[in-house]
Every structure is written in structure tokens, then in C-alpha cells.
Amino acid sequence: MTETPLTQTPICRSIRRLFAGGGAVGMLVLALPAPVQAQEAAPKPVARVEITGSNIRRSEAETASSVITVNRADIERSGKNTVAELLQTLAVDNQGSVPTTFGNGFAAGASGISLRGLGAASTLVLLNGRRMAPYGLADDGQKQFSDLNVIPTDAVDRIEVLKDGASAIYGSDAIAGVVNVILRKDYQGNTFRFSRGFSEDWDGKRTNIAFTKGVGSLDTDRYNVLFSIEYKKFDEIAYSSRSDRDYIGRIDLRPWGFSANEGLGGTGSIVPGSGAAGSAINGNVRNPADPANYYNRGNLAGPGFTRTFPGAACSNFTTQPQGDPGGGCLIDSTLQYNQIEPKQENISFFLRGTWQATPDIQVYSEFNYYTSQTDSSTTPSGINGSVGYPGGPVNNALVQFGPTHPDNPYFGSAARLRYLAADVGPRVSSIGSNFLRWVGGAKGTHFGWDWDTALLFSHNHVNNNQTGYLQRDTTFALLDPSPANVAAALANPYYAALPPGTFWRIGENAGLNSPAVYAALSQPIGNRANSKVGQWDVKATREFEGIPYLAGPLGLAVGGEVRHEMTELRPTAGTERGNIIGLGYSAYSGGRNVVALYGEALAPLPFNLEASAALRWDHFTDVGNSYTPKAGLKWTPVREFAVRGTFARGFRAPSPAENGVGGLAAYSTAADPLRCALGVPGTCDPASIAVITSPNPALSPERSRSYNIGVIWDPIPRASVSVDYWTIKRKNEINQDQTDTAIAAGSVVRDPGSTSGIPGDPGALTAVLSRYVNSAQTKVRGIDIDGRYNYRLPDAWGNLSADVKYTHFFEWTRTERDGTSRDFAGTHGNCDITNCTGTPDNKANLRLGWDRNDVRVSLNVNFRGKIDNTLFKNDPDGCASHYADGRDAPGDCELASFTTFDLVARWKPLPKWEVFGSIQNLFDKVAPLDPLTYGAQAYNPLDYEGARGRYFTVGARYTF
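Residues numbered from 1 in each chain as written. Predicted model: local features only at pLDDT ≥ 70, side-chain atom pairs only at ≥ 80, totals over all residues. Heavy atoms only, no water.

1. Regarding the state of the cysteines
Consideration 1: Throughout the structure, instances matching the rule amount to four disulfides.
Consideration 2: Paired by a disulfide, Cys314 and Cys329 hold their sulfur atoms 2.0 Å apart. Here the S-S torsion is close to 80°, and the disulfide linking Cys314 with Cys329 is therefore right-handed. Residue Cys314 is located in the loop between β12 (290-296) and α6 (333-337), and its partner Cys329 is located in the loop between β12 and α6; the two are separated by 15 residues in the primary sequence.
Consideration 3: Covalently, Cys831 is tied to Cys836 through a disulfide, its sulfur atoms 1.8 Å apart.
Consideration 4: Cys831 sits in the buried class, given a relative accessible area of 7%.
Consideration 5: Of the residues examined, Cys836 reaches a relative accessible area of 0% and is grouped as buried.
Consideration 6: Across the chain, the disulfide pattern expressed with sequentially numbered bonded cysteines is 1-2, 3-4, 5-6, 7-8. (Disulfide = S-S within 2.5 Å. Helix = DSSP H or I, 4+ residues; strand = E, 2+ residues; numbered from the N terminus. Buried < 20%, exposed > 50% of the residue type's maximum accessible area, 1.4 Å probe, protein only.)

2. Comments concerning unusual backbone geometry
Consideration 1: Residues Gly829 and Asn830 are joined by a peptide bond in cis, for which omega reads 5°.
Consideration 2: Among the structural elements, Asn830 can be located in the loop between β35 (821-823) and β36 (842-852).
Consideration 3: A positive phi angle is found at Arg116, which is not glycine, with a value near 60°.
Consideration 4: Relative to the helices and strands, Arg116 resides in the loop between α4 (83-87) and β2 (123-127).
Consideration 5: The exposure class of Arg116 is buried, given its relative accessible area of 1%.
Consideration 6: Positive phi is not limited to glycine here, since Phe607 has a value of about 65°.

3. Some thoughts on the sheet that holds strand β19 (residues 415-418)
Consideration 1: Pairing in this open sheet of four strands is antiparallel, and the strands run β12-β11-β19-β18 from one edge to the other. A strand with exactly one partner marks an edge of an open sheet, and here the two such strands are β12 and β18 (400-401).
Consideration 2: As judged from the four bridges shared by strand β11 (residues 284-287) and β12, these two strands associate in the antiparallel manner. Bridge pairing in β12 places Asn287 opposite Asp290. (Pairing = 2+ DSSP bridges.)

4. Here we look at the pattern of salt bridges
Consideration 1: Taken as a whole and judged by the stated rule, the model has 60 salt bridges.
Consideration 2: Note that Glu341 and Arg206 form a salt bridge whose closest N and O atoms lie 3.0 Å from each other. With Glu341 in strand β13 (residues 339-341) and Arg206 in strand β6 (residues 206-215), this residue pair connects regions lying 135 residues apart in the sequence.
Consideration 3: For Arg206, a relative accessible area of 4% translates into the label buried.
Consideration 4: Measuring nitrogen to oxygen at the nearest pair gives 3.3 Å for the salt bridge that ties Glu914 to Arg906.
Consideration 5: On the basis of relative accessible area, Glu914 is assigned to the buried category, the value being 8%. (Salt bridge = Lys/Arg side-chain N within 4 Å of Asp/Glu carboxyl O.)

5. Quick notes on empty space enclosed by the protein
Consideration 1: In total, this model carries 12 cavities of 30 Å³ or more according to the counting rule given.
Consideration 2: In this structure, the second largest cavity spans a volume of roughly 700 Å³.
Consideration 3: What lines the second largest cavity is a set of 42 residues, and nearest its centre among them are Glu85, Gln88, Thr89, Leu942 and Tyr944.
Consideration 4: Those elements that provide at least two residues to the lining of the second largest cavity are α4, β7 (223-234), β14 (343-358), β36, β37 (855-864), β42 (898-910) and α14 (944-948). (1 Å grid on protein atoms, 1.4 Å probe; cavity = no way out; pocket = protein on both sides within 12 Å on 5 of 7 lines; lining within 4 Å. Points joined across faces, edges and corners; volume = space filled by probe spheres on them.)

6. Re the sheet that holds strand β1 (residues 67-71)
Consideration 1: One open sheet holds the four strands; their spatial order is β1-β3-β4-β2, and the pairing between them is mixed. In this open sheet, the two edge strands, each paired with only one partner strand, are β1 and β2. Geometrically, the sheet is characterised by an average inter-axis angle of 15° between neighbouring strands, direction not taken into account.
Consideration 2: As paired elements, β2 and strand β4 (residues 177-183) share five bridges and run parallel to each other. Within the sheet, the bridge partner assigned to Leu126 lies in β4 and is Asn180. (Axes fitted to C-alpha atoms, helices over the stretch in contact; angles between N-to-C directions.)

7. Concerning the pairing of strand β21 (residues 449-467)
Consideration 1: Taken together, the 19 bridges between strand β20 (residues 427-446) and β21 define a ladder with antiparallel strand orientation. The partner of Arg437 across the bridge, within β21, is Ser458.
Consideration 2: What sits between the antiparallel neighbours β20 and β21 is a turn of two residues, in which Phe447 has the positive phi angle 55°.
Consideration 3: The pairing of β21 with strand β22 (residues 525-544) spans 17 bridges and is antiparallel. Bridge pairing in β22 places Leu455 opposite Trp536.

8. Quick notes on the side chain of Arg788
Consideration 1: Within the element layout of this structure, Arg788 appears in strand β33 (residues 764-792).
Consideration 2: Residue class for Arg788 comes out buried when judged on its relative accessible area of 7%.

9. Quick word on a nonpolar patch on the surface
Consideration 1: Residues Val215, Tyr223, Val225, Leu351, Trp355 and Val363 make up a contiguous nonpolar surface patch of about 460 Å² in total accessible area.
Consideration 2: Looking at where Val225 falls in the secondary structure, it is placed in strand β7. (Patch = residues over 30% accessible without salt bridge, like charges linked within 9 Å, V, L, I, M, F, W, Y side chains within 5 Å. Areas by Shrake-Rupley, 256 points an atom, 1.4 Å probe, with all protein chains shown as cover.)

10. Re the nonpolar core
Consideration 1: Counting residues in hydrophobic clusters, the biggest one holds 40 residues, and the most contacted among them are Leu87, Ile151, Val156, Ile159, Val179 and Val181.
Consideration 2: For this core, the leading source of residues is α4, giving four residues. (Core = buried A, V, L, I, M, F, W, Y, C linked by side-chain atoms within 4.5 Å.)

11. What to know about a positive patch on the surface
Consideration 1: Residues Arg649, Arg705, Lys729 and Lys731 make up a contiguous surface patch of positive charge.
Consideration 2: Relative to the helices and strands, Arg649 is located in strand β27 (residues 641-652). (Lys, Arg positive; Asp, Glu negative; His and termini not counted. Charge placed at Lys NZ, Arg CZ, Asp CG, Glu CD.)

12. Thoughts on the side chain of Ser348
Consideration 1: Along the chain, the position of Ser348 falls in strand β14.
Consideration 2: When neighbours within four sequence positions are excluded, Ser348 is seen to be in contact with Val150, Pro152, Ser228, Ile229, Glu230, Tyr369 and Tyr370. (Contact = heavy atoms within 4.5 Å.)

13. Describing the confidence of the model for the chain
Consideration 1: Considering every residue of the chain, the mean pLDDT works out to 89; 94% of them sit at 70 or more.
Consideration 2: Taken together, the stretch residues 1-47 has pLDDT below 50 and engages in 139 contacts with residues farther than four places along the chain or on a different chain. (pLDDT = per-residue confidence, 0-100.)

14. What about the packing of aromatic side chains?
Consideration 1: Taken as a whole and judged by the stated rule, the model has 20 aromatic pairs.
Consideration 2: Both rings, one in Tyr135 and one in Phe145, keep their centres 6.1 Å apart while their planes meet at 45°; by these two values the pair is tilted. Of this pair, Tyr135 sits in the loop between β2 and β3 (156-162) while Phe145 sits in the loop between β2 and β3, and the two are 10 residues apart along the sequence. With respect to burial, Tyr135 and Phe145 carry one shared label: buried.
Consideration 3: Summarising the aromatic geometry, the rings of Trp726 and Phe809 are spaced 5.7 Å apart at their centres and angled 80° between planes, so their arrangement reads as edge-to-face. With Trp726 in strand β31 (residues 719-736) and Phe809 in strand β34 (residues 799-815), this pair connects stretches of sequence that are 83 residues apart. Just as Trp726 is buried, Phe809 falls in that class too. (Phe/Tyr/Trp six-rings, centres within 6.5 Å; stacked < 30°, edge-to-face > 60°.)

15. Quick word on helix α7 (residues 472-479)
Consideration 1: Within α7, seven of the eight residues are buried, which leaves the element mostly enclosed by the surrounding structure.
Consideration 2: All of the buried residues along α7 are Asp473, Thr474, Thr475, Phe476, Ala477, Leu478 and Leu479.
Consideration 3: In the core, the buried residues of α7 are packed alongside β18, β19, α8 (483-489), α9 (493-496) and α10 (515-521).

Okay, here's the thing in C-alpha cells:
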């Protein structure tokens, strides 16, 4: 934290010792009123600033709430390339955060933080204390959040993370806390920075170029203009480049004990007797006379085959080890086509101008612009991925060879087909995002009041262009030209232009297809999203002296704002009628106006107590009124020890994706308990399933109560320890119905043609029907521990420092409307949200540092505790994944803990030059095996560094 001059009272000296370690993140102790004698002995004025979580300007350490502060030096010491990467390593970030590396997610191209694991939508992100337009693509198609990537790293002055509820100050979305990114405001000079990163495999190169310039002094010139421009380019890292890194990126996990029954035996496997098969690169075909079994086209002795295809031999397509018990042709499709990290390129620009118009009035304006391009790819499309749209589910499991298709081994009879369309190519997404934000305002001092007012406009526009996806109507018609299929496909002009009787030839015969066939099968598709925020706000603060019973001046703040919010996501062309195989419908639209008034007071009381209170009223045109209070208290019995506590209510208004117009069809993972109980092979472990969710205009806002109590102890000079116990209870939580609950309730669509032959088999699941609901309650409890120490070495050998941050979850319990509860803390749940990373109940950050003169060295340790591979605590179904022999997987149903070490060094050989370098994942640890998550393949997205491997960065900064 940047140090601010304080009156030299005993408590201030204690606070200075508290911050002497200068760690990457730190708790702010609430400084208590100084004794009268001390104030008389040192009457110098106290510099006062505004701290996140309060509108009252005060001494930097005076707050009852627990706040993490990350300054510019801390960002540099972390060795991270972006603000998002740094924030997502913090112990307070948990389930529901959105990593940039999730290139195939709903919100690809963006990055979000999830404090306390309550989701990115419940963490409010501010830029210089004001809102910004959320990312146009909602996470999971539901939760809107602010994209951390838009923040220009070189323009950051500091980041403050408020770790308790702040809706009484900031309004909606601040249930879990607030991240306030504060940019530079009065910089003078010029800085040029360049860095280049690369992995040990010499891929994933990252280029970062930044230039910052500031002119004019507010004190002498009465103006300052600052601009910062930054360019970043991140090259992709393909899974195929990590084929020597154990299981990373692999869907064929047979060498690690899995099989096709768990969906981890490679792409193209067959589960005998189940009526199910994977999509094979040469085609798996169901025996019309035996619907429980599929056979590979390359099988020269396929039961009932009327034709054989020697050219379809699996060895003609892949060198992947075979041996599928069901006779499928196996490839490792994710290893071949997917990525650890997508390609991304972006430019960010920040401009701020400030003019001291009079001694009492300052006029300012800010402009942010960010543009990015993210390119990601995934496996070629299968042809049977069922989807949903507002009209209901679309069962693509029916896709089949027609009786006269030349590649049909059951020529003369229609036969269901499972085929991986490698000849069409991978599915590719290219996402362009453009963000802008303008603020124009004035602030000053009149009649004892400090006031600030501004206009704000912010807009995010996203274009998502996709290729490689199959059109359902033409796919069905080109495989089975029945009258009904042809009639449906003729609406597609590309199909209508083909000669009558044209077939899509597959596998070994794909070379016979004309370009016109592929043009009919797969056309470029896309969608676009817009989000806008317009706001006017005003606030004022002052102190009142001489109030009876108070030990000092009363601080008071009042304010109000008027805001308009608008969000729109247009559906991807074709999904509005369920015509894109494997790609569900997602669209929403809505807008609203918000009016708010708020007040806040800070009262120093006798006996070294200080009380704070705040109250805010918000009116939303779509969900009505909300009143949110907050109260805080602090007590310092001795100068080395302080106790603090807060109580706050919070709320989150439903987003347009949740209560507007539109809907969502997506994919999750779930087992099929009904077929599992019947003994149908391959149905007891979670598999991919389509989930169709409808908006609910009757939704109420989420509401919360949070409690925080903590102590800060300064036992010796240059050392401090803080401990905070916290609880957040959130009711009316907006969620989809739990997938497995909906399945158990029978809210599903099944394919009666995909049966095993076992009596009572209802057929395979094709879709789960859900909607957004106000769940009963979520309760999260935990503890934060923050310790730091700074030791000055003798004989001018510099300083040693240590800084540790630790967060533990006692519980993360979600209670449904029927009263059933699930505790996700320390487990792999909740898998219905954001890439199924789980909810680790132990996370920690440790920094060990040494600095001497112009040299600084840091060793950063990031720890993620073990995760039980169950969907929730005491799950009666037991382990979520199993090995082929039935044992719990992985290990004893546990994802091992994961720890990375990062080494960072900086050196100033000349006054104007600084060179720096870092080694991420110093010991090149491999991420533990995770067979359940869908946010990455075979490893948890939280352990991204262990998939990428050791990574080097070098760079230089020139200041002039």
C-alpha cells in the first residue's frame, strides 16, 4: 500500500509497524481515535483518503471492514502478466471464477473473480470507485460479470478488495465483496515497458508492450494529463504440445485405469449392450436387428453387415493405441484438437485529464478503451449431440444412415450412426470484444462539504463468429435422404443447390465430397452481445465537531445515483430453431432503470471505540425496492491490538439473462440413476447432458446477511497477524434447478430408441428441463489468516520479508426449496456452475522476499488444498468417478493438493533502467488428475500452471 502521512500518535506508529512488511495483500486495521494528549503533542494534519467500502474520507488504516490492498509493487512481485491472473491466485477467490483459459466456455475471452466462491456475479468490480459495463457474454449463459482483462496493467495504482458485503455503499452485486481497481491520477514522466514470456517447450509466447506518459503538476501547473497504452499478445498452447505431460489434455485415460464405461476410454468407444457408442472417426453403426449394440465400420466381421469396408480400418485413421473391448476405433480427440490456452491479442488504452479550475473545484475526465480478439478451437462435431431451444429439446440421437447410403454397412436398412466429423474440421470460435468507458465529473469543497459528481457511460460489444458446426437439417438429409429430411433441408440454399441424391461420404470416403457438400453441412455462424451502463452520481462528505458524547468529529456521507442498464445477447444463427448440432440456444434481452440514495456515518466513541453505519435505498424498475444497511464497530484496548467487526445486508438483482426474455440450452454432467439401477452399462458415472433452462420473470432479488469479526495483533515491531471469522448467508439465491434433482424428479427428455434391451430401460437421456428459481439459501463460513514479518539484515544486507494469506471454508452449504441441503466445501461440487472446478476448502498464498538497494527477489507460493471427488459432502452415491475396476477415482476419491512456486527478480542497473524476470511453476509440477471437470481436460482449471508447465518471462522498463 502507498504510505500516507499520518499524525505520529501511538496508534499510528502501531499501524506503521503493521504495514512494515509491505506484503502483496494485507488486512487494514481500523485505527482508533488517538488519546487527547497524543493529539495535543502532534497537531499536524492527517492526510485523508477514500477507502473501498466507505464514502467517508479518512486515514488510510481507519476501517472496520477487512480489506486486501495490492499496489503496483505487489503486482510486479507476483510475476503475473495481468491483473486477472494475480487476483485469481488470491486465497479469497474460489468456485465460480472465470479464467481466460476457458476458451470454450460461455464467456470465452473474458476473466472474472469470485470472492468467497459465491460467483462472479456476486462480486462487484469497480474502476476508480464506479461501475463499468459487464461483459456481453454471461457466464454459464446466466451470470453477468465485469471482465478483468479490460484493466490496463501499467495504469494501475492499486487494487483494493473488500471482503465483506458492501451493498449499503455500492448497491446490487456486492454480496461477496468488492474489487476496486484504482488507476493512476497524477503521474508525471514517461515509462516504456517490454516483456516476453515463453514456456519450457518454447510455446505459449506472451508479448507485452506498454507506454505511459503523464504531464503537468496539479500543484504547480493546475492540470495533469495521463495516458497509458498497452498491447498484449498471448499465443495458444495446444494440448498436443503437452503429450509428454502424463494425462494432461487426454480423454483416453485407459493407462490411468479408466475405460469407456466412464467416458474416459477415448473418443469412438463402444459400450456393449448399452445401446450407446461414442463418435468414431470412421463411424460406429447400430445393428438394426440388435438395438443394444453398435459396431465399428472397420470391423470386417460386423454382425449383420451386408457390406464391409476394408478402407475403414482404424489403422488408416490413427496411431492411437486401440483395444476397446467394444470394438470401437479410438482417438484422443481433445489431445489432438483442444487447447490449454487460446490465442488472445488485445490493446488497452487509458486517458485521464484533471484541471484544478479553482482552489476549491477540480474537473476531471477519464476514457478507457479495450479491444481484444480470442481464437479457440475444440474437437470436430459429432453428429448426434442433442440440443434445446425455446421450443423444447431436439433429439439428434436419431441421426442415421439411410438404407441406400453407400457407406452404410447395413445397406438396405436404416442404421443409426455415431461419427466424428473430422473431415469437416475442428469447431473454431473467434470472439472480438470492444469495451469503452467514459467518466466526466467535478469535485470540490464548499461550506465544509467535500463533494464529487460525475456522468458515466460504459459499453461492451462482443462478436462471436464460429465455424465447423453442423447444420442439422442438411446433415440428416445428406446421410438419409428421406422425403421428410429432404423437405426440411431444402430451406437451406446450399443444400438446394446440390444435385438430387447427393450423399455426405464419411471416413475413408470423405475425399469424394465436393466443397459444395461441406458448404451445405457447415456454414459460418455467429452472434453478438451488447451491454451498456449510463449513470449520474453525486456524493458529499464532511465532519461535524463538538457533538456530545463523541470522542471526536462525526464523519457523514450522503449521496445518490441514477443508472440505466441494458443487456442484449442475440442467438447464434440456427440455434433459435435447434438446427446447430451440439450447440444450444442462448439469448437474452432486458433493460432497467435504477435510482438510489444512501447515507453513511462514522462516530468515534469513548473508550477507544469507533462505530460506523450505512444505509442505502435502491429502486429497480423490474424488481422493486431494496433497503440495505451495514454497521461496523472497532475497539483498540491497547495500541498493539485491535478488534473489529461488521454486519451487512446485501442484494443482487436478477440479470436480464435470468428474468428477461430468452433462454439457455447448455451442457452439464450427470449420471442416470434410473438406468444405473437397472444395470445399464456406462450410466452410473457422470456424462455430458443437455440442460434447457428458461428465464423466470417472477424471480426476486438475492438477499444476504454477512457477519465479520476479527482481531489484529502487532506483537513485535515490523510484524503483524490478523484473523477474521466471517459468515455470509444468501437467500433467494438464483440458480438453475440442480441437474440431478431435475433428473430424479423426471424433468427430462429421453430417447426411447437408445435402449439396452434390459427390461424397463426407458432409453438414454437427451435433455434435462430446468428453469431459474429462487433457491432457499446458501451459507458460507470461513476464516482468513494474514501474517507478515519484515526483518532488516545487519551490515546493509537488505531486508527479508514474509507474507502469508490463508482462507479456510468451514462450510459452503446450499439449501433447496424442499429443505434438502448440500455442503460443497472441500468437494468437487457444485458442477452446475462455471466449469466444475470444485470448492477447495483450503487456499493459501505465501511470499518470501529479499531486497537490497537495487535488487528485489521474491519467491511466491500458491497452495490449493485437496478436493474430495464427490459432488457434495456425504453424498450417498459416493465417489463421482470410478476406475474401470470399480474403485473410487482418482486415488481414494480425492484430487491431491497442488502447490506452485514462482520466482521473481528485479534489478535496476541504472537509475532509468530496470530489468526483470520470473519463472512460474519453478519445479515444473504436473497438475493432479481430475476426471470430472469440464473446464479443462483431465486437470482442474485451478491448476492451470501445472498443465502449462514451467514458464519464463524476461523484460525491461525504461523511465525518462
